[in-house]
Amino acid sequence: MIELDNVHKSFHGNHVLRGLSFKITPGELVGLIGPNGAGKSTALSIVTGQLLADAGVASLGGHDIVHEPLLARKSLGYVPQESGVEPFLTGEEVLQFVANLREVEDSSNQIEQLLSQFSLLDARRRLTREYSEGMTRRLAIAAALLPKPPALIFDESLNGLDPRGARLVRGALRDRAAAGAAILITGHVLETMERLCTRILLLHEGRITRDISEAELTECRETGVSLEQLYLDSTA
Amino acid sequence: MLGPLLWLSQATRRNRWRDLGPRARSGVVFGVVAAAIGLGLAGDSWLLASLVDGRDERVRSWTFWCMLTTALIFGYSSFEVLYRDPLWRRLATLPVSPRALFVAKVLRVYRRHIPLVLLPAISGSSLLMQSEYIAWCTAVVATGLVLLIGLAVSIFAHIWAGESLVDGANPLKAYLSQGYGPTEAAFLFYSPALALLATATVALGIEVGFIALYLNGTWLPLFGVVFGGVGLAVFCLRRASTIFVRWQHVIAPKFADVEVLPPWQEGAQSSRVFGQWLVAFLPGALAGVWTRLNTQYRRRYRVLLPMTGVLMVALAVFSGRSTTSIVDVWALAVAVGVLVFIPSFRACGPELGIGSTARALPIAARQNHVVLGMLALLEWTPLSIAVVIGGLAGGRLLEMGFAALMVLVAGAIVNGIAIPACVLLAPRVVRVSFAIRGVALCAVGVITSVL
């Protein structure tokens, strides 16, 4: 479970988050969208413990990120905007490091499986700095999925993927959601979000201005109203 | 949990070295060896200069300056390793226990700074050749002790300053580590200064211990200082560990708050930066290239101007002393310039994008050469001015004026080599910086030794 409860955050008097609240339950694949500067990255930084909220509570897997940071992070798989993969490790070493740190059982097999699933087997022994942007993204996502955490957060992590890579990742995320993970994704490509997510949260000026359920998304598709239209209406 | 962190560090180091390739590796090794030869020769000439008269005092003074120089370096760089190393950012969202993280950070700080012990070891190599083994060992051990104790004190100072960012921190502590300035200033100014002050005190204690040993033949004060210092180091590390384990999860995001400023937090930028007045003397296209480079450079490396001020004061004091020779002044000024003021290494690196945008924009390599040269001139001129001021104060204006001129000549030669090399190789300039700095320091050593 990923939860933010009445979170406020300001930088030098500029209110970025104004009582932001949402809850993502196991099995949900939720997209967080909003204009540039709406507070998406700040919200993710707070829920992952990289920034402190001025007020309110953020928790992962039921653990408060401030008071139980270690337990909360054990529940988390996170892919930041800039991938954050060690440039001087090979792809296989990155996954091995994550497996060792998170004490993943039967890690060799799982690493093998993920490398194969994300089409990285051939590049497994190359330094990640030699990877293309899409390969780095796939590796970062594989590293987040490796320990099978109950909460997964992707900060604009689907950018830079080619159609095949994007399809691989979408499939993997749906599988993980079906297995009971709570997944939060931010992004600007509304088409991708619409196809992938079971629920969309629209963040505008620091609060959720629209919470679009799966039923509403389906209804929109049937009536020919695109997510883009909803977005433009809500952020006008 | 510490195991994977240490493995990560070791594997990254190994792969980084392998990735350099044989030619680049040779360049780095060549640069380091050349710098070592230069340092050895410079140290040799300085120490041998008074082997006949006041030798013991000279050796002791050299030992003290070695200790102080290392303290000056690691007071700030230990802060950089503790808080700004990119590794910690990558680990920020992983479930790493604070205790393991603390040990990993401490080990990283020590590993990065242990090579500083080579400063007395190499610069004092002439003592070895003169069979002055005890003097050489004394300097190496003393600097090692300062590193051992001083790094622990520094780590404590930085983490203690970090704790002052926690809400509800003790106001006295907040004041001591932050002063009355804004919270953001705490990390940048006060904790490195605290670390330096404490380490310099330890170095002074060791120096006093040596003086007591030389003059009275008594070991007691030296033992007292050493054991007291080691006890202080243990206390500092234990206390730092306690603070870190308790507050790391708050300090790290607070620091991120301070460091990762969203655009609106920086506020409107002033278009007036140091050196912008030169635009008036430049033709249109070159003026644009200069504004683009200089503005970025000054905003990114804000610390350079105050650092120049501090180094100018130190150089002026050094050159103002009647006992300082013209060669020593020249060597020190050029060594400082080579280590700190070769702007092309910074400007052509990946951060400012001089190399990449030069390829995408209609900017000729010659224009880049000119603006980088102007930047170098702005950085080396204050060094010369400081030498002249020192000469004026010490009544040796003519001598020091000549030294100042020679400083500019050396700067022109070093930058004349560095600028085209950096423009050509941008943004991969790290290796060439090793080679050029090494060779330049070697040349300084050779010239000092010959003169």
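What counts, and at which threshold
- Residues numbered from 1 in each chain as written.
- Chains lettered and ligands numbered in written order.
- Predicted model: local features only at pLDDT ≥ 70, side-chain atom pairs only at ≥ 80, totals over all residues.
- Heavy atoms only, no water.
- Helix = DSSP H or I, 4+ residues; strand = E, 2+ residues; numbered from the N terminus.
- Contact = heavy atoms within 4.5 Å.
- Areas by Shrake-Rupley, 256 points an atom, 1.4 Å probe, with all protein chains shown as cover.
- pLDDT = per-residue confidence, 0-100.
- Phe/Tyr/Trp six-rings, centres within 6.5 Å; stacked < 30°, edge-to-face > 60°.
- Buried < 20%, exposed > 50% of the residue type's maximum accessible area, 1.4 Å probe, protein only.
- Pairing = 2+ DSSP bridges.
- Axes fitted to C-alpha atoms, helices over the stretch in contact; angles between N-to-C directions.
- Parallel < 35°, antiparallel > 145°, perpendicular 65-115°, else oblique.
- Nonpolar A, V, L, I, M, F, W, Y, C, P; charged D, E, K, R; others polar.
- Buried area = accessible area lost by both parts, 1.4 Å probe.
- Salt bridge = Lys/Arg side-chain N within 4 Å of Asp/Glu carboxyl O.

A. Spotlight on the overall build of chain B. When helices and strands are tallied, chain B shows 20 helices and 0 strands. A sequence separation of at least 24 residues applies to 78% of the contacts in chain B between residues at least 6 apart. Accessible surface computed for chain B: about 21300 Å², of which carbon and sulfur atoms make up 71%.

B. Structural view of the confidence of the model for chain A. On average, residues of chain A score 88 in pLDDT, and 100% of them reach the 70 mark or higher. By mean pLDDT, helix α9 (residues 227-234) of chain A is the weakest element of chain A at 80, and strand β8 (residues 182-186) of chain A is the strongest at 94.

C. Expanded view of the packing of aromatic side chains. Residue and element names in this part refer to chain B. Applying the stated criterion to the full structure yields 9 aromatic pairs over all chains. When the centroid spacing of 6.1 Å and the interplanar angle of 70 degrees are considered together, the rings of Phe64 and Trp65 count as edge-to-face. Given a relative accessible area of 49%, Trp65 falls into the partly exposed group. With a centroid separation of 6.4 Å and an interplanar angle of 90 degrees, the aromatic rings of Trp277 and Phe281 are classed as edge-to-face. The exposure class of Trp277 is exposed, given its relative accessible area of 52%. Grouping aromatic residues by their ring pairs yields a cluster made of Tyr76, Phe79 and Tyr83.

D. Fine view of the pairing of strand β1 (residues 2-11) of chain A. Relative to strand β2 (residues 14-24) of chain A, β1 of chain A runs antiparallel, the two being bridged by 8 bridges. Residue pairing for β2 of chain A: Glu3 of chain A is matched across the bridge by Lys23 of chain A.

E. Representation of the packing of helix α19 (residues 397-425) of chain B against helix α20 (residues 430-450) of chain B in the model. Residue and element names in this part refer to chain B. Following both chains from N to C, one finds α19 and α20 inclined at 170 degrees, their axes separated by 10 Å at the closest point. Judged by the angle between their axes, α19 and α20 are roughly antiparallel. Taking contact as the criterion, the partners of Val414, Ile417, Ala418, Ala421, Cys422 and Leu425 in α19 are, on α20, Val432, Ile436 and Ala440. For the contact of α19 with α20, a count of residues per class yields 9 nonpolar, no polar and no charged.

F. Expanded view of the interface of chain A and chain B. Contacts between the two partners involve 32 residues from chain A, matched on the other side by 30 residues from chain B. Together, the buried faces of chain A and chain B total about 2900 Å²; carbon and sulfur atoms form 67% of this surface. Of all residues in chain A, Phe88, Phe97 and Leu101 of chain A give up the largest surface area on contact with chain B, accounting jointly for 22% of the area buried on that side. Taken together, the connections running from chain A to chain B amount to 2 salt bridges.

G. Structural detail: the pattern of salt bridges. Counted according to the given criterion, the structure contains 14 salt bridges over all chains. The partner of Glu28 of chain A in a salt bridge is Arg199 of chain A, with the nearest N and O atoms 3.1 Å apart. A residue pair is termed long-range when its members are at least 10 positions apart, and Glu28 of chain A in the loop between β2 and β3 (29-33) and Arg199 of chain A in strand β9 (residues 199-204) qualify at 171 residues. A single burial state applies to Glu28 of chain A and to Arg199 of chain A, both of which are buried. Its salt-bridge partner being Arg90 of chain B, residue Glu86 of chain A comes within 3.7 Å of it at the nearest N-O pair.

H. Molecular detail of the sheet that holds β9 of chain A. Residue and element names in this part refer to chain A. Within the open sheet, the 6 strands sit side by side as β6-β7-β8-β3-β9-β10. Their pairing is mixed. Only two strands of the sheet have a single partner each, and these edge strands are β6 (76-79) and β10 (207-212). Sheet twist, expressed as the mean angle between neighbouring strand axes with direction ignored, is 15 degrees. Relative to the sheet, helix α6 (residues 163-178) contacts β3, β7 (151-155) and β8, its axis offset from that of β8 by approximately 145 degrees.

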